[in-house]
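Each chain, letter by letter, is given below.
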Amino acid sequence: MIGGFALLLVGAEALVRGASALALRFGLSPLVVGLTVVAFGTSSPELVICIAAALSGDGGIALGNVVGSNIANLALIVGVAAAIAPLAIERQLIRIDMPVVLASSLLMVAFLLDGSGERWEGAVLTVGIVV
């Protein structure tokens, strides 16, 4: 288990560093890199867990994994960072990025109100992150 955790850390670190460097070479702003490329890279372990859970018929584990990860990222990580030092926030974050985060979360809730997640709903959310 310790070996697997170590490999996970090394792999995630390499993925994030490589993706960040590539995105910056293409001229993406550091904010965009942080919100998309790095976020996707650091979420890849959760993606693997969710896919495995979905394939085994345990959708609740996949959903709990996503919700728990979002709570940890928003509350724990941002909260600890802000407690250590004030966070400088650009206007774009408030005007554009936060509404997108809120809208995507509300869209997922709306999709799950019927008690299931359909393939087309997953496709919509996947296309949304690519856009």
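Within each chain, residue numbers correspond to sequence positions counted from 1 in written order. Note on the predicted model: pLDDT of at least 70 is required for a residue's local features to be given, and 80 or more for side-chain atom pairs to be given and counted; whole-chain, interface and lining totals, by contrast, use all residues. Based on all heavy atoms of the structure, the side-chain values leave hydrogens and waters out of the count.

**Student:** Explain the overall build of the chain residue by residue, including any values.
**Tutor:** Secondary structure follows DSSP: runs of H or I at least 4 residues long count as helices, runs of E at least 2 residues long count as strands, and numbering of each begins at the N terminus. Helix and strand counts for the chain stand at five helices and zero strands. Taken from N to C terminus, the helices and strands of the chain fall in the order α-α-α-α-α. Along the three orthogonal principal directions, the C-alpha set of the chain runs to about 40 × 40 × 35 Å. Relative accessibility thresholds used throughout: buried, under 20% of the residue-type maximum; exposed, over 50%; partly exposed, between the two (1.4 Å probe, protein chains only). Burial analysis of the chain (131 residues in total) assigns 11% to the buried set. When checking whether two residues touch, look at their non-hydrogen atoms; a contact exists if any pair is within 4.5 Å. In the chain, of all internal contacts separated by at least 6 residues, the share reaching a separation of at least 24 is 30%. Carbon together with sulfur atoms contributes 75% to the accessible area of the chain, which is approximately 9800 Å² in total. Once the 5 positive and 8 negative side-chain charges of the chain are each reduced to a mean point, those two points are 15 Å apart. Shrake-Rupley sampling with a 1.4 Å probe provides the accessible areas, and residues are treated as covered by the protein chains on show and by no other component. None of His or the chain ends enter the tally, which takes Lys and Arg as positive and Asp and Glu as negative. Throughout, a charge is located at the NZ atom of Lys, the CZ atom of Arg, the CG atom of Asp or the CD atom of Glu.

**Student:** Tell me about the pattern of salt bridges, and name the residues and values.
**Tutor:** Salt bridges, as used here, are contacts in which a Lys or Arg side-chain nitrogen is within 4 Å of a carboxyl oxygen on Asp or Glu. The tally for this structure, following the rule as stated, stands at one salt bridge. Its salt-bridge partner being Arg 17, residue Glu 13 comes within 2.5 Å of it at the nearest N-O pair. Of this pair, Glu 13 and Arg 17 both sit in helix H1 (residues 2-25), four residues apart, roughly one helical turn. In this structure Glu 13 comes out as partly exposed when scored by relative accessible area, which is 39%. Classification of Arg 17 by relative accessible area gives exposed; the value is 59%.

**Student:** An account of the packing of aromatic side chains is needed here, citing residue identities and associated values.
**Tutor:** The relative placement of two aromatic rings is captured by the distance of their centres and the angle of their planes. Stacked, edge-to-face and tilted labels apply to pairs of Phe, Tyr and Trp rings (six-membered ring for Trp) whose centres lie within 6.5 Å, assigned for plane angles under 30 degrees, over 60, and everything in between, in that order. The tally for this structure, following the rule as stated, stands at one aromatic pair. Where Phe 111 meets Trp 120, the ring centres are 5.3 Å apart and the plane angle is 70°; that geometry is what we call edge-to-face. Here Trp 120 falls in the exposed class, since its relative accessible area comes to 54%.

**Student:** Residues and numbers for the environment of Ala 85, please.
**Tutor:** Relative to the helices and strands, Ala 85 is located in the loop between helix H3 (59-84) and helix H4 (91-112). Spatially, the C-alpha atoms of Ala 85 and Leu 74 are 16 Å apart, while their sequence positions differ by 11 residues.

Honestly, it's all geometry; don't read function into it.
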